[in-house]
Amino acid sequence: MNAESLRKSPNKTNKETENGAEPSAPISKKGILTSFLTGKSMDIPDSDILGRCRFVSEFEKLNRIGEGTYGIVYRAKDTISDKIVALKKVRMDLERDGIPVSSLREIQVLLKCRHENIVHLKEVVVGRSLESIFLAMEYCEQDLASLLDNMQAPFTESQVKCIMLQVLRGLRYLHHNFVVHRDLKVSNLLMTDKGCVKIADFGLARWFGVPLRPMTPHVVTLWYRAPELLLQAPTQTTSVDMWAAGCILGELLGHKPLLPGRSEIQQLELIVDLLGTPSDAIWPGFSELPALENYSLKQQPYNNLKQRFPWLSAAGLRLLNFLFMYDPRKRATAEECLQSSYFKEPPLPCDPKLMPTFPQHRNIKGSKTSAPSDSTNTGAGDQTNNLPAISDLLGSLVKKRRIE
Ligand SMILES: Nc1ncnc2c1ncn2[C@@H]1O[C@H](COP(=O)(O)OP(=O)(O)OP(=O)(O)O)[C@@H](O)[C@H]1O
């Protein structure tokens, strides 16, 4: 496994846990699904809410740009508007209940999000068979993981600040709207050739509320996973995204992954090596966390962030320390980070438009791959009178799955 693929999925476990501790509600009827997808009342006719889906044959596949756990992503041209889009083919779980719950979540969250630092889901597109669904998203030329692996010179501090400000603005928007992303990492940060950073991949995202309900702890790719998740705290909040943001800031500043653990135990050890051993004094309730019943952390009294980043200003170190508060209740919020003096002192964040442009290696890398199976000519002209609504389509795919 090379650094790029490790960055993308280092020990990601249990990407979705339908049978875990998470409360769920049955989805089997079209109306319920419509309400799930839109958050609107179930008695509004589906077509009024969701409109009609276009067929994928209206898109010309250009090349494959990425493949994740839940789908293959293609660069494609919308032949009606001539615009370039990213077309993510949802990987169906035909052995089980059809459309993966992560894809339903991704559609549900993205349909409601509209922010320049969140990838924009333009529409849901269908293939010839009911089993093929595609997400047509705005196209971003780069993802940060591939960029970091391929760029000649590392980002300057002023570019790092520019990227982080955009990530934090995206997070502030999500958290204000009660969405926790839960899988923030450099490979899920995309960048346009205008220097605009977008948070992507909402397959693990959730709405949270008060009171906090238990969620499965095995989320967030290992390197970016917060200590409360590693120690199996039953509830999780937006602070898991903030820890991941701290790891991303460290990675951008240090030009390599900050905490590249190979197992959950090693991940905890790396955290303790960097930040010192937590205690009930700094993190009330720490010693009662479930994982500590069978395991004790090694003793390491020092915070080594300054040793790791000796050149970083006091404001930069303060920000990192704030993001790496062990106690999730004390950890920085996105809003607090945006106020940090680190972003107001030299070197100042560069203007996104002044970010350098990078070679679009992804457009070449995947070009040998075959077309999405439904992008062949399906006689779309004959079909346009009979387009299914998103809710009809998903309703027929979701058989008996229970989702939150
Ligand atoms: N809108 C987009 N524009 C350009 N590239 C994209 C876009 N969306 C996704 N990609 C590329 O496709 C890859 C996989 O996409 P995505 O992360 O959404 O899939 P996934 O199956 O949910 O992945 P993972 O296994 O990381 O959870 C990304 O790393 C990125 O390189």
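Residues numbered from 1 in each chain as written. Predicted model: local features only at pLDDT ≥ 70, side-chain atom pairs only at ≥ 80, totals over all residues. Heavy atoms only, no water.

Per an unreviewed UniProt entry, the recorded name for the protein chain is Cyclin-dependent kinase 10, and the organism is Zophobas morio. Under the UniProt heading Subunit (unreviewed entry), the note attached to the protein chain is "Heterodimer with CCNQ, the interaction is required for kinase activity. Interacts with ETS2. Interacts with PRK2." (UniProt positions renumbered as here; feature names shortened; annotations may be inferred.)

*Asks:* Hey, could you run me through the overall build of the protein chain in this one?
*Replies:* Looking only at helices and strands, the protein chain has 15 helices and 13 strands in total. Per-residue burial over the protein chain gives 56% buried out of 404 residues. A separation threshold of at least 6 residues defines the contact pool for the protein chain, and within that pool the share at least 24 residues apart is 72%. Summed over its atoms, the accessible surface of the protein chain is roughly 17500 Å², and 53% of this surface lies on carbon and sulfur atoms. (Helix = DSSP H or I, 4+ residues; strand = E, 2+ residues; numbered from the N terminus. Buried < 20%, exposed > 50% of the residue type's maximum accessible area, 1.4 Å probe, protein only. Contact = heavy atoms within 4.5 Å. Areas by Shrake-Rupley, 256 points an atom, 1.4 Å probe, with all protein chains shown as cover.)

*Asks:* Honestly, the pairing of strand E5 (residues 84-90) in this entry has me stumped. Any pointers?
*Replies:* Every regular strand shows the same layout, with side chains that alternate between the two sheet faces. Of all seven residues that make up E5, six are buried, and the element is covered over most of its length. Where strand E4 (residues 71-78) and E5 come together, seven bridges link them in antiparallel fashion. Residue pairing in the sheet places Ala76 in a bridge with Val85 of E5. Connecting E4 to the next strand, E5, in antiparallel fashion are five residues, including Asp82 with a positive phi near 70°. As paired strands, E5 and strand E7 (residues 133-138) are joined by five bridges and run antiparallel to one another. Residue pairing for E7: Ala86 is matched across the bridge by Met137. (Pairing = 2+ DSSP bridges.)

*Asks:* Can you help me understand the pattern of salt bridges in this one?
*Replies:* A pair can form between side chains of opposite charge whenever their charged atoms are brought close. Following the criterion strictly, the structure yields 13 salt bridges and no others. The salt bridge involving Asp327 is made with Lys330; its shortest N-O contact spans 3.8 Å. Each of Arg54, Glu58, Asp78 and Glu123 takes part in one network of salt bridges that share partners. (Salt bridge = Lys/Arg side-chain N within 4 Å of Asp/Glu carboxyl O.)

*Asks:* Which parts of the structure should I look at to understand the packing of aromatic side chains?
*Replies:* A ring pair, where both rings are aromatic, is described by two values, the distance of the centres and the angle of the planes. Enumeration over the complete set of coordinates arrives at five aromatic pairs. An angle of 15° between the planes, with centres 6.0 Å apart, marks the rings of Trp283 and Tyr326 as stacked. Residue Trp283 is located in the loop between helix H9 (264-275) and helix H10 (305-308), and its partner Tyr326 is located in the loop between helix H11 (314-323) and helix H12 (334-338); the two are separated by 43 residues in the primary sequence. We classify Tyr326 as buried; its relative accessible area is 6%. Put simply, the rings of Trp283, Phe286 and Tyr326 touch in pairs and so form one group of aromatic residues. (Phe/Tyr/Trp six-rings, centres within 6.5 Å; stacked < 30°, edge-to-face > 60°.)

*Asks:* Please clarify how the nonpolar core should be interpreted in this entry.
*Replies:* Core analysis: the largest hydrophobic core is formed by 100 residues, its most contacted members being Phe155, Leu171 and Leu174. Among the nonpolar cores identified, the runner-up in size contains 10 residues, and Tyr74, Ala76, Leu87 and Ala136 belong to it. (Core = buried A, V, L, I, M, F, W, Y, C linked by side-chain atoms within 4.5 Å.)

*Asks:* What should I look at first to understand the UniProt feature "binding site: ATP" (unreviewed entry) in the protein chain in this one?
*Replies:* Here the UniProt feature "binding site: ATP" (unreviewed entry) sits at Lys88. Within the secondary structure layout, Lys88 lies in strand E5. Polar contacts involving the side chain of Lys88 include one to the side chain of Glu106, which spans 2.9 Å. (Polar contact = N/O pair within 3.5 Å; in protein donor to acceptor, adjacent residues only side chain to side chain.)

*Asks:* Can you walk me through helix H6 (residues 157-176) in this structure?
*Replies:* Because each turn of an α-helix spans 3.6 residues, side chains separated by three or four positions end up pointing in the same direction. An ideal rise of 1.5 Å per residue puts 28 Å on 20 residues; H6 measures up with 28 Å between its terminal C-alpha atoms. Positioned one or two residues after H6, Phe178 has a phi angle of 65°, which is positive. (Expected span 1.5 Å × (residues − 1).)

*Asks:* Help me understand the sheet that holds strand E6 (residues 121-126) in this model?
*Replies:* Remark on secondary structure: sheet strands pair via backbone hydrogen bonds, oriented parallel or antiparallel. With mixed pairing, the six strands of this open sheet are ordered in space as E2-E6-E7-E5-E4-E3. In this open sheet, the two strands that pair with only one neighbour each are strand E2 (54-55) and strand E3 (59-68). Packed onto the sheet, helix H4 (residues 101-112) meets E5, E6 and E7 and runs at close to 140° relative to E6. (Axes fitted to C-alpha atoms, helices over the stretch in contact; angles between N-to-C directions.)

*Asks:* Even after reading the chapter, I still don't get unusual backbone geometry, so can you show me in this structure?
*Replies:* Note on backbone geometry: most residues besides glycine have negative phi, and most peptide bonds are trans. Cis peptide bonds are those with omega within 30 degrees of zero, and the linkage from Pro346 to Pro347 qualifies with -5°. Positive phi, close to 65°, is recorded for Gln232, a residue that is not glycine. Tracing the chain through its elements places Gln232 in the loop between helix H7 (227-230) and helix H8 (239-254).

*Asks:* Which parts of the structure should I look at to understand the state of the cysteines?
*Replies:* Defined simply, a disulfide is a covalent bond joining two cysteines at their sulfur atoms. Applying the stated criterion across every chain, the model contains zero disulfides. Cys196 carries a free sulfur, and the closest cysteine sulfur to it, the one in Cys140, is 7.7 Å from it. Sulfur of Cys247: no disulfide; nearest cysteine sulfur belongs to Cys337 and is 13 Å away. (Disulfide = S-S within 2.5 Å.)

*Asks:* Please clarify how the packing of H8 against H11 should be interpreted in this entry.
*Replies:* The angle between the axes and the distance between the axes are what describe a pair of packed helices. Orientation of H8 relative to H11, taken along the N-to-C sense of each, is 145°, at an axis distance of 8 Å. For the pair H8 and H11, contact is made by Met242, Trp243, Ala245, Gly246, Leu249 and Gly250 and by Leu319, Leu320 and Leu323, respectively. Split into classes, the residues belonging to the contact of H8 with H11 amount to seven nonpolar, two polar and no charged. (Nonpolar A, V, L, I, M, F, W, Y, C, P; charged D, E, K, R; others polar.)

*Asks:* Help me understand the environment of Lys298 in this model?
*Replies:* With respect to the element layout, Lys298 can be found in the loop between H9 and H10. Lys298 gets classed as partly exposed once you look at its relative accessible area, which sits at 38%. A C-alpha to C-alpha distance of 32 Å links Lys298 and Leu168, two positions 130 residues apart in sequence. Setting aside residues up to four positions removed in sequence, Lys298 forms contacts with Glu269, Val272, Asp273 and Thr277. At 2.6 Å, the side chain of Lys298 and the side chain of Asp273 are in polar contact.

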